[in-house]
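# Structural overview for review
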Amino acid sequence: EAGVTQFPSHSVIEKGQTVTLRCDPISGHDNLYWYRRVMGKEIKFLLHFVKESKQDESGMPNNRFLAERTGGTYSTLKVQPAELEDSGVYFCASSPAGLVGGEQFFGPGTRLTVL
Amino acid sequence: SQQGEEDPQALSIQEGENATMNCSYKTSINNLQWYRQNSGRGLVHLILIRSNEREKHSGRLRVTLDTSKKSSSLLITASRAADTASYFCATAAEGSYIPTFGRGTSLIVHP
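Residues numbered from 1 in each chain as written. Chains lettered and ligands numbered in written order. Predicted model: local features only at pLDDT ≥ 70, side-chain atom pairs only at ≥ 80, totals over all residues. Heavy atoms only, no water.

## Let's talk about the interface of chain A and chain B
- Opposite the 20 residues of chain A that make contact, chain B presents 18 residues.
- For the pair chain A and chain B, the two sides together bury roughly 1,600 Å², of which 58% comes from carbon and sulfur.
- When the buried area of chain A at its contact with chain B is split by residue, Glu42(A), Ile43(A) and Phe106(A) rank highest and sum to 32% of it.
- Glu42(A) is paired through a salt bridge with Arg103(B); the nearest N and O atoms lie 3.9 Å apart.
- Here chain A and chain B share four residue pairs in polar contact (both at pLDDT 80 or more) between them.
- The set of elements that each furnish at least two residues to the side of chain A that touches chain B consists of β4 (31-37), β5 (43-50) and β6 (53-56) of chain A. (Contact = heavy atoms within 4.5 Å. Buried area = accessible area lost by both parts, 1.4 Å probe. Salt bridge = Lys/Arg side-chain N within 4 Å of Asp/Glu carboxyl O. Polar contact = N/O pair within 3.5 Å; in protein donor to acceptor, adjacent residues only side chain to side chain. Helix = DSSP H or I, 4+ residues; strand = E, 2+ residues; numbered from the N terminus.)

As structure tokens, then:
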């Protein structure tokens, strides 16, 4: 069974540009989460989908960030326009229906560098 | 915030030795989890301990939870070079289901 995959693995963009990160959760997992880790700091929760619905987006930093999960399968996280402080590693995780608050399965992350 | 804080930030040991990492948190929790992250990879779930449990084992891993002190420890016995990784604790506060991670402990096991 394939794990959680993320694309791209690395992205280097200039301030003001737009970047879209993609996450493919484990097939059949209803719960999908986005996290971000800024260098040397804690891993911070961004938002949680249950299928295609946003269950909790309390961690989204501002309105430059837009997450979608059309059809309840893969998810995208768009940053527009990107700022320097958006640099970091963006992780996606998924878990089966009913297993909220328990084990999450993480992808390898997308390292975003904003110059 | 509910953020867990791992201690120490970095730990360097020889293969065969035991490694102990600690996690402290601030408010009541539903559960506490430990994850491992190898360089360049995603986090891998190691173990989950519920608030009504005091100790759990999984292979060479032993996790304890002291809710009165709001702390947990992760013990890796007979460490191996392959245990080199960052270790994170994640706490889910009472009434919440979203785990809050700390900054992690970077463990290096020298062969």
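Now that the structure is up, let's keep going.
## Considerations on the environment of Gly88(A)
Residues and elements named next belong to chain A.
- In this fold, Gly88 is placed in strand β9 (residues 88-95).
- Classification of Gly88 by relative accessible area gives buried; the value is 9%.
- As for Gly88 and Val38, which are separated by 50 residues in sequence, their C-alpha atoms are 4.4 Å apart.
- In contact with Gly88, not counting residues within four places along its chain, are Arg37, Val38, Thr110, Arg111 and Leu112. (Buried < 20%, exposed > 50% of the residue type's maximum accessible area, 1.4 Å probe, protein only.)

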